[in-house]
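Breakdown of the fold
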Protein chains: 2
Amino acid sequence: MGVKAVLIVCDGMGDRPVRHGHEWGTPLSAANTPNLDELAAEGVNGIMDVISPGIVPGSDTAHLALLGYDPYEHYAGRGVFEALGAGLELQEGDVAFRANFATVDERLVIKDRRAGRKGDKRLEAAIDGMEIDGVRVILRNTVGHRCAVVLRPLEEGVKLSKYVSDCDPHADGVRVAECKPLRDDDAARRTAAIVNEFLRRSHEILKEHPVNKERAERGVPPANFLLLRGAGEFFQVERFEERWGFRAACVAGASLYKGVARFIGMDVLHVENATGDPNTDLRAKASAALKALEEYDLVFIHVKATDNFGHDGDFEGKKRMLERIDEELIAEVREVARSDTLIAVTADHSTPVSVKRHSGDPVPLLIHGEGVRRDDVSSFDELSAARGGLCRLRGADLMPMLADLMGFFKMYGT
Amino acid sequence: MGVKAVLIVCDGMGDRPVRHGHEWGTPLSAANTPNLDELAAEGVNGIMDVISPGIVPGSDTAHLALLGYDPYEHYAGRGVFEALGAGLELQEGDVAFRANFATVDERLVIKDRRAGRKGDKRLEAAIDGMEIDGVRVILRNTVGHRCAVVLRPLEEGVKLSKYVSDCDPHADGVRVAECKPLRDDDAARRTAAIVNEFLRRSHEILKEHPVNKERAERGVPPANFLLLRGAGEFFQVERFEERWGFRAACVAGASLYKGVARFIGMDVLHVENATGDPNTDLRAKASAALKALEEYDLVFIHVKATDNFGHDGDFEGKKRMLERIDEELIAEVREVARSDTLIAVTADHSTPVSVKRHSGDPVPLLIHGEGVRRDDVSSFDELSAARGGLCRLRGADLMPMLADLMGFFKMYGT
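Residues numbered from 1 in each chain as written. Chains lettered and ligands numbered in written order. Predicted model: local features only at pLDDT ≥ 70, side-chain atom pairs only at ≥ 80, totals over all residues. Heavy atoms only, no water.

**Comments concerning the relation of the copies chain B and chain A**
For the pair chain B and chain A, the superposition axis carries a translation of 0.1 Å, the fit reaches an RMSD of 0.1 Å, and the rotation angle comes to 123°. Look at the turn and shift together and you get a three-fold axis relating the two. Across chain B, the smallest distance between a C-alpha and the rotation axis is recorded for Cys391(B), namely 3.6 Å. (Least-squares fit on C-alpha atoms with pLDDT ≥ 70 in both.)

**Details of the sheet that holds strand 11 (residues 248-251) of chain A**
All names here are of chain A. Reading across the sheet, the eight strands line up as 12-11-13-1-14-15-4-16 and stay open at both edges, with mixed pairing between neighbours. The open sheet has two edge strands with one neighbour each: strand 12 (267-268) and strand 16 (391-394). With three bridges connecting them, strand 14 (residues 342-346) and strand 15 (residues 363-368) associate as antiparallel partners. If you follow Val-345 over to strand 15, its bridge partner there is Leu-366. Contacting strand 11 and strand 13 (298-303), helix 11 (residues 282-292) crosses the sheet at an angle of about 170° to strand 13. (Pairing = 2+ DSSP bridges. Helix = DSSP H or I, 4+ residues; strand = E, 2+ residues; numbered from the N terminus. Contact = heavy atoms within 4.5 Å. Axes fitted to C-alpha atoms, helices over the stretch in contact; angles between N-to-C directions.)

**Digging into the packing of helix 12 (residues 305-312) of chain B against helix 13 (residues 315-336) of chain B**
Helix-helix packing: each pair is described by the crossing angle between the helix axes and the interaxial distance. All names here are of chain B. With their axes 8 Å apart at the nearest point, helix 12 and helix 13 run at an angle of 170° to one another. With respect to their mutual orientation, helix 12 and helix 13 come out roughly antiparallel. Of helix 13, the residues touching helix 12 (which contributes Ala-305, Thr-306, Phe-309 and Gly-310) are Gly-317, Lys-318, Met-321, Leu-322 and Ile-325. Here the contact of helix 12 with helix 13 is built from residues that sort into five nonpolar, three polar and one charged. (Parallel < 35°, antiparallel > 145°, perpendicular 65-115°, else oblique. Nonpolar A, V, L, I, M, F, W, Y, C, P; charged D, E, K, R; others polar.)

**Regarding the domain arrangement of chain A**
Residues and elements named next belong to chain A. Segmenting chain A into domains produces domain 1 (5-75 + 237-406) and domain 2 (82-233). Summarising the inter-unit geometry, the C-alpha centres of domain 1 and domain 2 are found 33 Å apart. Taken together, the seven residues of domain 1 in the interface contact eight residues of domain 2. Among the residues of domain 1 in contact with domain 2, Ser-255, Leu-256 and Arg-262 are the three that bury the most area, contributing 69% of the side total. (Domains from an automatic or database assignment. Buried area = accessible area lost by both parts, 1.4 Å probe.)

In structure tokens, the structure reads:
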């Protein structure tokens, strides 16, 4: 029986120091986080390049690395994780996309990329199951205007490809982009052709749909187009429990992280009011995680909102979110966890408020629990962590280290 | 003419901190080791993941890495190193095993896995050289009940494989296990069949042998079975001197380490009373190494017993062994070595007394000698080393660093 562990990933938590008021530092160094600081003081700290130094990770590749799957080998493409996170079951050979309900005019110029941020299950039903050239199209409207779209071959020999371009131009006032093959092969050409046919047919159905007439009457932008992006190809990977020898569960709000967890065979727990937004119920996540520890060896808790504040360049917002995490999540986990439960806290990447995007700066990492080599660090932040006993690691090192500390390990050699 | 170097590897020296008496620390931090501490203070220090972070090394893979051979490319399997360590000459295509003389009853249930820890050269002679299906079996009884067994193809085209299961169930009171192929190919099936036939025939010979009748009369468990495990396939690797450009010798007690050294073409020096046990003669090892420096550029000294105390969970024993190493080995080497001789001290892996097994925790490393970038570390232990000027390295980095400091190097590029 091994030791249990909680892995807390605060999305985009890492930052670059800036002058703020009379001080100089990062949102994390400025935040009042007594619980994190105590864990740092009693634990071992370091900085971690989630992919490798200077490489700017996406959230999907970063999480694959943190959870012990080399993304250069296991990256299926964003659409796959979004579709899995939306609860869809995928099959080998499926190609999946993220999608938005959008509002376009008669010339297919985008009036609102998000169709007033409102989807509709009746519109989903009108499209879902469409068949085009031996492929079934599965549509799922997840939250607001957001959707997942899956192309599933219905016949042996119909090969699809993730190497097709986005039709979402990421801007209003421009025309919808045509989907183009990004490789010179049959699968990419076929996939692009099916996507374009799907966009045409679904637009025909949506623009005439009574729901959109109702919306127009109520002044809601009609959801008359599906903008696809982020094609991914699903394939089976070794399940987490087989790979690492222990059972893991995921507590997350945002669908991407649930999708990555499902992709690698982790169980995803439903937590009421875990939204993936700044209003998420952190105490509910903490208590769901602690309960799950009765059944699972490792619980991975994801908190999204730190990243949102980074993208917004909101120093104070990010700082306050970190203070909330400290009080409502870290404190709860610390208090209730068994004394020998390992607690690891880190980020998937930095999202510095000064640059408002993901960056390649390493993230801080602390590991607290019996047997760790305590260091002199007494504050949890990017600058202090760099002086810690873990020195500098890579994201791929995290899961082997936790597995070893938990007592689940495979010796290499004899 | 390059600088000379001594590399001292204390097996399993790395540990995890625990509370002991009124203190908190590791056996190494608790031990009184003035010589190691002076070397640390005058040298440069760091922590090292012998394979990579969190990966738990076996002793064989770890030593390949430390001596500059990527184990993922050069690992031949334990049996090969044991056979070489026993002094056997191996040929390309040989499959080698570790073996025990054991005592079994008429139903092949194991009564004593180690046959009273007593072997016999006359029993070796009765079995050695047996031929089965185009394969010669070579048996060497090394120390006590321990043996090495080699299967050598006598004809072109007879291919053997290391992918066969152990027949040693590692427990008394259970039946000897049948050797099974672990891959679905001819070589594995042939090897398993030959092993099983060897077990049968050697048991027939051993159980009737006069030596075992004598043993029975004296109350010594008969050595009537050979338990094989750890199959390895021998192949030639680039010799150490070719690879690194300088000559190296090995001073070790235990056969595994001598075997790894022979495998890579290092000379192995015979040292009287270097036993691989806690009673080993450390001063004899030191003086043999210093003498060897006249002829060799690098001498690798291996000390096994620190690992034994780790496996036993014996904090005080490990601490005292480290104190003996400091006084009887490190002090001697320091005193007699030329002032410009490099001294590197490290471990092949951690064997924490708290978990009584190898672990993935990094090991401390110090390098002392002219030109190294001295840091602020003044004590040689796992926690202090992490603050040293070498930061965090991998085992594969050690030999290139030593070669460079010694003045033997190949520039990469121009």
